[in-house]
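Each chain, written out:
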Amino acid sequence: SSDVCSSDLVALVIVLLLLWATVESFVVEQGTPAVAAAPPVGRAALVVIAVLLVEIAIGTQVRGRVDVALELVTRDAVLDAIGPLEVVHRAAAGVVLIGVTGLWLLSLARYREHRAVVWAAHGVLLCTLLQISAGAILKTRALPPPAQVLHLTTASLLLGALMLLSLAALRWPHPGQTR
């Protein structure tokens, strides 16, 4: 289970780095801001990415325990059988939701004219709401397989959307700004 967690996280980090490199290849180096002077949404999105990676690591541990528990109890009783880790996973998801909501509100307040940031913020919020919905279905409907796929897929999409939000705020010029 920990090997799966490690390889999943490494794969996700590689995808994030590839996304970063792709965007960087299109950015003109003249006049790009240093990270320390970067807009707050860009830096905050990187923090939420770090929190989300921790939450995903906890989620993969929950999934591993679910697989073991399914051999011992019925699907309806699985989440109760895995102990407090599932509660920790939901609490970490709450922290991610707070971070995403803050990013979304900050993006709308400070970047209304920057369409890339606003659209990326909407995408982050949408992925988060889908993720929460899939998690709620998993919790209340005895872990249906389609909801498991949706939950895992939206976690990956959320990471990508957060990276796009960060890149849009950090590296893409604001309307009217020349670089």
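Worth saying up front: this structure is predicted, and the values here are computed from it rather than measured.

*Asks:* Describe in detail the overall build of the protein chain, supporting the description with residues and values.
*Replies:* Helix and strand content of the protein chain: six helices and zero strands. Helices (α) and strands (β) of the protein chain occur, in sequence order from the N terminus, as α-α-α-α-α-α. Long-range contacts, defined here as pairs at least 24 residues apart, represent 77% of the contacts in the protein chain between residues at least 6 apart. With the model as given, the accessible surface of the protein chain reaches about 9,800 Å², and the carbon-plus-sulfur share is 70%.

*Asks:* Tell me about the side chain of serine 166, residues and numbers included.
*Replies:* Counting through the fold element by element, serine 166 comes out in helix α6 (residues 145-171). Note on serine 166: relative accessible area 0%, which makes it buried. A polar contact of 3.0 Å, which involves the side chain of serine 166, links it to the backbone oxygen of glycine 42. Other than its neighbours up to four places away in sequence, serine 166 contacts Trp20, Gly42, Ala45 and Leu46.

*Asks:* So what about unusual backbone geometry? Which residues, and what values?
*Replies:* Note: most peptide bonds trans; most residues except glycine with negative phi. In this model, alanine 142 sits at a positive phi of 60 degrees, which is unusual for a non-glycine residue. Relative to the assigned elements, alanine 142 resides in the loop between α5 (115-140) and α6. We note that leucine 143 has phi near 55 degrees; this positive angle belongs to a residue other than glycine. Within the secondary structure layout, leucine 143 lies in the loop between α5 and α6.

*Asks:* With reference to specific residues and values, describe the environment of glycine 64.
*Replies:* Relative to the helices and strands, glycine 64 is located in helix α2 (residues 40-69). Separated by 18 residues in the primary sequence, glycine 64 and isoleucine 82 place their C-alpha atoms 9.6 Å from one another.

*Asks:* Could you give an account of α5, naming the residues involved and the relevant values?
*Replies:* Along its 26 residues, α5 runs 37 Å from first to last C-alpha, staying within 8% of the 38 Å computed at 1.5 Å per residue. Among the residues of α5, Val117, Val118, Ala120, Ala121, Val124, Leu125, Cys127, Thr128, Gln131, Ala134 and Leu138 are the ones counted as buried. Immediately downstream of α5, the backbone of alanine 142 shows phi near 60 degrees, a positive value.

*Asks:* Tell me about the packing of α2 against α6, and name the residues and values.
*Replies:* Packing of α2 against α6 leaves a shortest axis separation of 8 Å and a crossing angle of 165 degrees. Accordingly, the angle class assigned to the pair α2 and α6 is roughly antiparallel. Handedness of the crossing formed by α2 with α6: left-handed. In contact with Val41, Gly42, Arg43, Ala45, Leu46, Val48, Ile49, Leu52, Leu53, Ile56 and Arg63 of α2, α6 contributes Gln148, Ala155, Leu158, Leu159, Leu162, Met163, Leu165, Ser166, Ala169 and Leu170. Grouping the amino acids of the contact of α2 with α6 by side-chain chemistry returns 16 nonpolar, three polar and two charged.

*Asks:* So, helix α4 (residues 85-110): which residues are in play, and what are the values?
*Replies:* Taking 1.5 Å of rise per residue, the 26 residues of α4 would be expected to cover 38 Å, and the 37 Å separating its terminal C-alpha atoms lies within 8% of that figure. Within α4 the residues assigned to the buried category are Leu85, Glu86, His89, Ala92, Val96, Val100, Leu103, Ser107 and Leu108. Buried residues along α4 sit in contact with α2, α3 (78-81), α5 and α6.

*Asks:* Hey, could you go over the pattern of salt bridges for me, with residue numbers and the actual values?
*Replies:* Pairing between side chains of opposite charge can happen when their charged atoms approach one another. A complete count under the given rule lists three salt bridges for this structure. Among the ionic pairs, arginine 90 bridges to glutamate 86, the shortest N-O distance being 2.8 Å. Here glutamate 86 and arginine 90 lie together in helix α4, a separation of four residues that amounts to about one turn. The exposure class of arginine 90 is partly exposed, given its relative accessible area of 43%. Close ionic contact of lysine 139 with glutamate 86 constitutes a salt bridge, the shortest N to O distance being 3.8 Å. Of this pair, lysine 139 sits in helix α5 while glutamate 86 is found in helix α4, placing the two residues 53 residues apart along the sequence. Looking at lysine 139, the relative accessible area reads 34%, which means it is partly exposed. Sharing partners across several salt bridges, the network here consists of Glu86, Arg90 and Lys139.

About the criteria used
- Residues numbered from 1 in each chain as written.
- Predicted model: local features only at pLDDT ≥ 70, side-chain atom pairs only at ≥ 80, totals over all residues.
- Heavy atoms only, no water.
- Helix = DSSP H or I, 4+ residues; strand = E, 2+ residues; numbered from the N terminus.
- Contact = heavy atoms within 4.5 Å.
- Areas by Shrake-Rupley, 256 points an atom, 1.4 Å probe, with all protein chains shown as cover.
- Buried < 20%, exposed > 50% of the residue type's maximum accessible area, 1.4 Å probe, protein only.
- Polar contact = N/O pair within 3.5 Å; in protein donor to acceptor, adjacent residues only side chain to side chain.
- Expected span 1.5 Å × (residues − 1).
- Axes fitted to C-alpha atoms, helices over the stretch in contact; angles between N-to-C directions.
- Parallel < 35°, antiparallel > 145°, perpendicular 65-115°, else oblique.
- Left-handed = near helix turned anticlockwise from the far one by under 90°.
- Nonpolar A, V, L, I, M, F, W, Y, C, P; charged D, E, K, R; others polar.
- Salt bridge = Lys/Arg side-chain N within 4 Å of Asp/Glu carboxyl O.

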